[in-house]
2 protein chains.
Amino acid sequence: MPSFNPPLRTLMGPGPSDVHPRVLAAMARPTIGHLDPAFVGLMDDIKALLRQAFKTRNEVTFPISGPGSVGMEACFVNLVEPGDTVIVCRNGVFGGRMKENVERAGGVAIVVDDPWTRAVDPQRLEDALETNPQARLVAFVMAETSTGALSDASTLVQIAHRHGALAIVDAVTALGGVPLDVDGWDIDAIYSGTQKCLSCPPGLSPVSFGARALDKLRARKTPVQSWFLDLNLVLGYWSGAARRSYHHTAPINALYGLHEALLMLHEEGLEAAWARHALHHRALRAGLEAMDLRLAGADGERLPQLNVVGIPDGVDDARVRQTLLDDYDLEIGAGLGEFAGKAWRIGLMGQSASRRHVLACLTALGSAMAAQGRPSDCGAALAAAQKVYAA
Amino acid sequence: MPSFNPPLRTLMGPGPSDVHPRVLAAMARPTIGHLDPAFVGLMDDIKALLRQAFKTRNEVTFPISGPGSVGMEACFVNLVEPGDTVIVCRNGVFGGRMKENVERAGGVAIVVDDPWTRAVDPQRLEDALETNPQARLVAFVMAETSTGALSDASTLVQIAHRHGALAIVDAVTALGGVPLDVDGWDIDAIYSGTQKCLSCPPGLSPVSFGARALDKLRARKTPVQSWFLDLNLVLGYWSGAARRSYHHTAPINALYGLHEALLMLHEEGLEAAWARHALHHRALRAGLEAMDLRLAGADGERLPQLNVVGIPDGVDDARVRQTLLDDYDLEIGAGLGEFAGKAWRIGLMGQSASRRHVLACLTALGSAMAAQGRPSDCGAALAAAQKVYAA
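Residues numbered from 1 in each chain as written. Chains lettered and ligands numbered in written order. Predicted model: local features only at pLDDT ≥ 70, side-chain atom pairs only at ≥ 80, totals over all residues. Heavy atoms only, no water.

Naming follows an unreviewed UniProt entry, where chain A appears as Alanine--glyoxylate aminotransferase of Immundisolibacter cernigliae. If you open the UniProt record of chain A and go to Cofactor (unreviewed entry), you find "pyridoxal 5'-phosphate". The Sequence similarities (unreviewed entry) comment attached to chain A in UniProt states, word for word, "Belongs to the class-V pyridoxal-phosphate-dependent aminotransferase family." (UniProt positions renumbered as here; feature names shortened; annotations may be inferred.)

The following block contains the structure:
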């Protein structure tokens, strides 16, 4: 059996996104022990860089040693006690996963549904909280990777607080790609992933917990059901050299990669990164529309980093994606849940939010559709995108 | 803030062990999507290689996307139902962690204690099962990283089965370092880690489940409390191209590394790797004894890959370890739990089980102790070790 040498893909799906060689090189640096003083220094630097990325001064800000789904579970098992009522706003697949998490933690989930591709409706949340004054928590996905919808986290958190509930925010796809201000918006608990707009390989989940969330954790009457995710234990491990206690063994080399990726975000500047995602989204959209393709969703509610594109009648979803992969080494995402077979998901996340990516995607997509007999003017699409860049 | 460039350590603690450049290089290969056909092929190869390493034909053999502690939790939350009685054999720190896991999963843990440094006593397990015929599960640590004790997994599993209980085996430190035969010994559920005798960076937990364990899982009356670790869902993700379903996003690059490390184990041969660990253990022991240092534990119960060495009177534990780190870039482990300040833990795991490592450790340790006024004849220690190699 030979070593595994992956094909050289261009990643424009819902994550992972393209990883910069700086990050890959960082991950290949020699492994050190997780109790090494140098490693403790790295942990401190990562916490500081994550606080910048989340825009928070929360002391409890660190990466959980598992993918984004684990960050989600960490928030729910720590903050939900058996019997707690949790309002879950669901406008896609990941809201549904939140409901699962609430119920497995012994909570009562009250689901507020919004149409797929639409943002969470603040009024429906308000109504649900009025009908359920016993609700202790509100949970929603700020950037729904399954639908491309961006919700107004600031407003939703305010509503939750007005009703005495804490807010758990899914920022897996949001972090680094759209404006996010944990302290300014007073978010109580938030989790993200590394393989989206941070452009790291998957495997870590940055989280941040504010004072109210920690108070709720401390006031628990029942133990956290997960040993691995019990913040009371994990915090000892991430609490700096003076008070550090053994818990598990952190994924050392993955943390080298996260450090480098966060450093790159810091060098670019958070606002600049948000602006870059917005720019390339506008260019992609202009190009797609020039080929008569339409983005799902409503104006002002679309994620720049995740573009859901309706598949035209007569075009074979799977065949197009296979052609992109085979002929262009280009990965775009299939539709998920309700959108399976009906939409593509084109990611412009982190390193994949670039002019090179936008132009390559328009070219490949136009050509693949033309090969299926659907006239698609690549030249017009490229010109439309370039016009956005020239403006 | 600069990039993080780790110091070049020699890792001889309780893990992580030294990672071969082949594995580091593999981790730096370009990231591909977790739904890429090439990635599905990689998953299949990893499963095949893991079956070889575990010596099993269990279909359900794959790496959980989290460190060894997550593998432990995966076994307990899937196999323990609320109210189940579980006999936990505890002869070190990690047996204690198993108890925590049983209780958080709603089970009743009956702990059978054995002295630290000693193997689990089969007779005490037998007695506990006779007193508790309601026990559904037995759990024990085959290779206790906190004490260096090797337990007789084959015998313990037989006893469990004779009493109608299933056996969960912790093989975090065992896999690749000592004889282990999942099918031959009829183990029901087993978990390991990558950063010990497989010499990968930490972050993944290989597991394997046999038919009886899967039957117990299928017969559950309550849902698994963890969404992320629910095998009913995870198995869909790891079940091969034809039936694969989305669950989480696997840590792609960490899996490149695991594949390469398993390939290296396969090239060396499992039996050869076990013999290598045994050889370097004998050499290390001869060298330590020549300096009048003693290994904890009893003959026939010592792990070759994890050597617990009593700290002589008058020698300052922390100062010695600091000297090794500062002057030799050599990491050995501190004592854990009962052994804090009383013993060192010297790992000879995976790539760290080599003549170079043994000789470097003897030299550094002798010199560091001599600097504290304890006469330690490095020359004699090296000669004693070399004599083992010459034999």
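We are not done yet, so read on.
S.K.: Can you walk me through the relation of the copies chain B and chain A in this structure?
M.R.: One copy of the chain maps onto the other through a rotation about an axis plus a displacement along that axis. Mapping chain B onto chain A leaves a residual RMSD of 0.0 Å; the transformation is a rotation of 180 degrees accompanied by 0.0 Å of translation along its axis. Within this description, the copies of the chain are treated as partners about a two-fold rotation axis. Comparing contact sets, 100% of the residues at the interface of chain B also lie at the interface in chain A, consistent with an isologous, same-surface contact. (Least-squares fit on C-alpha atoms with pLDDT ≥ 70 in both. Contact = heavy atoms within 4.5 Å.)

S.K.: Looking at this structure, how should I read the sheet that holds strand S12 (residues 330–334) of chain A?
M.R.: Strand pairing in a sheet takes place through backbone hydrogen bonds and is either antiparallel or parallel in direction. Residue and element names in this part refer to chain A. Sheet architecture is open: four strands sit in the order S1-S12-S13-S11, paired in mixed fashion. The outermost strands of the open sheet, each flanked by one partner alone, are strand S1 (10–12) and strand S11 (306–310). Ignoring which end each strand starts from, the neighbouring axes of this sheet average 35 degrees apart. Contacting S1, S12 and strand S13 (343–347), helix H12 (residues 355–370) runs over the sheet at an angle of about 75 degrees to S12. (Pairing = 2+ DSSP bridges. Helix = DSSP H or I, 4+ residues; strand = E, 2+ residues; numbered from the N terminus. Axes fitted to C-alpha atoms, helices over the stretch in contact; angles between N-to-C directions.)

S.K.: Honestly, the state of the cysteines in this entry has me stumped. Any pointers?
M.R.: Here, disulfide denotes a covalent bond that connects the sulfur atoms of two cysteines. All names here are of chain A. Under the definition given, this model contains zero disulfides over all chains. Cysteine Cys197 is unpaired, with the sulfur of Cys200 as its nearest cysteine sulfur at 12 Å. The closest cysteine sulfur to the non-disulfide-bonded Cys378 is located on Cys361, 10 Å from its own sulfur. (Disulfide = S-S within 2.5 Å.)

S.K.: Explain the nonpolar core to me, please; I cannot follow it from the model alone.
M.R.: General note: in soluble globular proteins, nonpolar side chains tend to be found buried as a group. Residues A:Phe140, A:Phe209, B:Phe140 and B:Phe209 are the most contacted members of the largest nonpolar core, which totals 212 residues. Each residue touching B:Phe209, except ones within four places of it in the same chain, is listed here: B:Asn58, B:Val60, B:Cys75, B:Leu79, B:Asp188, B:Ala189, B:Leu214 and B:Leu231. Counting 30 residues, the second-largest nonpolar core is a separate cluster that includes A:Leu324, A:Ile346, A:Leu362 and A:Ala368. (Core = buried A, V, L, I, M, F, W, Y, C linked by side-chain atoms within 4.5 Å. Buried < 20%, exposed > 50% of the residue type's maximum accessible area, 1.4 Å probe, protein only.)

S.K.: Can you walk me through the pairing of strand S5 (residues 135–141) of chain B in this structure?
M.R.: Within a regular strand, side chains alternate between the sheet's two faces. Residue and element names in this part refer to chain B. Counting buried positions over the seven residues of S5 gives six, a clear majority of the element. The pairing of S5 with strand S8 (residues 166–170) spans five bridges and is classified as parallel. When the bridges of S8 are listed, Val141 appears paired with Asp170.

S.K.: I'm lost on the interface of chain B and chain A in this one. Help?
M.R.: Many authors give the size of an interface as the accessible area that is lost as the parts come together. With 66 residues of chain B in contact, the opposing surface of chain A contributes 66 residues. In total, chain B and chain A occlude about 5,600 Å² of area from one another, counting both sides; carbon and sulfur atoms represent 65% of this. Considering only the surface of chain B that becomes buried against chain A, B:Phe4, B:Arg104 and B:Trp227 emerge as the three largest contributors, covering 14% of it. Counting across the chain B and chain A interface gives four salt bridges. When the shortest N-O distance is used, the salt bridge between A:Arg104 and B:Asp230 registers 2.8 Å. Applying the counting rule to chain B against chain A returns 23 residue pairs in polar contact (both at pLDDT 80 or more). Among the elements of the structure, helix H1 (21–27), helix H2 (37–54), helix H3 (68–79), helix H4 (93–104) and helix H9 (252–268) of chain B are those that each provide at least two residues to the side of chain B that touches chain A. Among the elements that line the side of chain B that touches chain A, the one with the most residues is H9(B), at six residues. A per-class count over the side of chain B that touches chain A returns 35 nonpolar, 19 polar and 12 charged. (Buried area = accessible area lost by both parts, 1.4 Å probe. Salt bridge = Lys/Arg side-chain N within 4 Å of Asp/Glu carboxyl O. Polar contact = N/O pair within 3.5 Å; in protein donor to acceptor, adjacent residues only side chain to side chain. Nonpolar A, V, L, I, M, F, W, Y, C, P; charged D, E, K, R; others polar.)

S.K.: Please explain the domain arrangement of chain A as it appears in this structure.
M.R.: Residues and elements named next belong to chain A. Taken domain by domain, chain A comprises domain 1 (20–266) and domain 2 (270–390). For domain 1 and domain 2, the distance between their C-alpha centres works out to 29 Å. Counting residues at the interface gives 30 residues for domain 1, matched by 24 residues for domain 2. It is Trp116, Thr117 and Gly148 in domain 1 that bury the most area against domain 2; as a group they hold 22% of the surface buried on that side. For Lys55, the salt bridge is made with Glu271, and the minimal N-O distance between the two is 3.7 Å. Remark: the boundary between domain 1 and domain 2 carries nine residue pairs in polar contact (both at pLDDT 80 or more). At the level of elements, helix H2 (37–54), helix H4 (93–104), strand S6 (143–144), strand S7 (149–150) and helix H9 (252–268) are the ones that each hand at least two residues to the side of domain 1 that touches domain 2. Residue classes in the side of domain 1 that touches domain 2 are distributed as 15 nonpolar, 11 polar and four charged. (Domains from an automatic or database assignment.)

S.K.: Would you explain the UniProt feature "binding site: substrate" (unreviewed entry) in chain A in this entry?
M.R.: All names here are of chain A. According to UniProt, the "binding site: substrate" (unreviewed entry) feature falls on Arg345. The topology assignment puts Arg345 in strand S13. A polar atom in the side chain of Arg345 sits 2.8 Å from the backbone oxygen of Thr145.

S.K.: Sorry if this is basic, but what is going on with the pairing of strand S2 (residues 60–64) of chain A here?
M.R.: All names here are of chain A. Within S2, five of the five residues are buried, leaving the element largely enclosed by the surrounding structure. When S2 meets strand S10 (residues 205–209), the two strands line up antiparallel, connected through five bridges. When the sheet's bridge partners are listed, Thr61 is paired in S10 with Ser208.

S.K.: When you look at the pattern of salt bridges in this model, what are you seeing that I'm missing?
M.R.: Where charged atoms from two side chains of opposite charge approach closely, those side chains can pair. Residue and element names in this part refer to chain B. In total, this model carries 52 salt bridges over all chains according to the counting rule given. Measuring nitrogen to oxygen at the nearest pair gives 3.6 Å for the salt bridge that ties Asp114 to Arg124. Of the two residues, Asp114 sits in the loop between strand S4 (108–113) and helix H5 (122–131) while Arg124 sits in helix H5, which places them 10 residues apart along the sequence. Residue Asp114 is classed as buried on the basis of its relative accessible area, which comes to 7%. Of the charged contacts in the structure, one is a salt bridge between Asp317 and Arg321, with a shortest N-O distance of 2.9 Å. Of this pair, Asp317 and Arg321 are both found in helix H11 (residues 317–328), four residues apart, which corresponds to roughly one turn of the helix.

S.K.: Is there a simple way to think about the packing of aromatic side chains in this case?
M.R.: When we look at a pair of aromatic rings, we describe it by the centre distance and by the angle of the planes. Within the structure shown, the criterion is met by eight aromatic pairs over all chains. On the basis of an interplanar angle of 75 degrees and a centroid distance of 6.3 Å, the ring pair of A:Phe94 and B:Tyr246 is categorised as edge-to-face. Within this pair, whereas A:Phe94 is found in helix H4, its partner B:Tyr246 is found in the loop between helix H8 (231–237) and H9, the two belonging to separate chains. Relative to B:Phe4, the ring of A:Tyr256 lies with its centre 5.4 Å away and its plane at 45 degrees, an arrangement referred to as tilted. Here A:Tyr256 is found in helix H9, whereas its partner B:Phe4 is found in the segment before strand S1 (10–12) on a different chain. Note on A:Tyr256: relative accessible area 1%, which makes it buried. The class for B:Phe4 is buried, based on a relative accessible area of 12%. Geometry around A:Tyr237 places A:Arg244 over its ring, the cationic atom sitting 4.5 Å from the centre. (Phe/Tyr/Trp six-rings, centres within 6.5 Å; stacked < 30°, edge-to-face > 60°. Lys NZ or Arg CZ within 6 Å of the ring centre and 35° of its normal.)

S.K.: How should the UniProt feature "domain: Aminotransferase class V" (unreviewed entry) in chain A be read in this particular structure?
M.R.: Here the UniProt-annotated "domain: Aminotransferase class V" (unreviewed entry) positions come out as residues 31–335 of chain A. Between the C-alpha atoms that bound residues 31–335 of chain A there is a distance of 38 Å. The span itself is 42% helix and 17% strand.

S.K.: Explanation requested: the packing of H2(B) against H9(B) in the structure shown.
M.R.: Axis angle and axis distance: for two packed helices, these are the angle between their axes and the distance between the axes, and together they describe the pair. Residues and elements named next belong to chain B. Running from N to C, H2 and H9 point in directions that differ by 40 degrees, and their axes come no closer than 10 Å. Taken together, the axis directions place H2 and H9 in an arrangement best described as oblique. Where H2 crosses over H9, the two elements pack in a sense that is left-handed. Contact with H2, carried on its side by Phe39, Leu42, Asp45, Ile46, Leu49, Leu50, Gln52 and Ala53, involves Ile252, Leu255, Tyr256, Leu258, His259, Leu262, Leu263, Leu265 and His266 of H9 and no other residues of that element. For the contact of H2 with H9, a count of residues per class yields 13 nonpolar, three polar and one charged. (Parallel < 35°, antiparallel > 145°, perpendicular 65-115°, else oblique. Left-handed = near helix turned anticlockwise from the far one by under 90°.)

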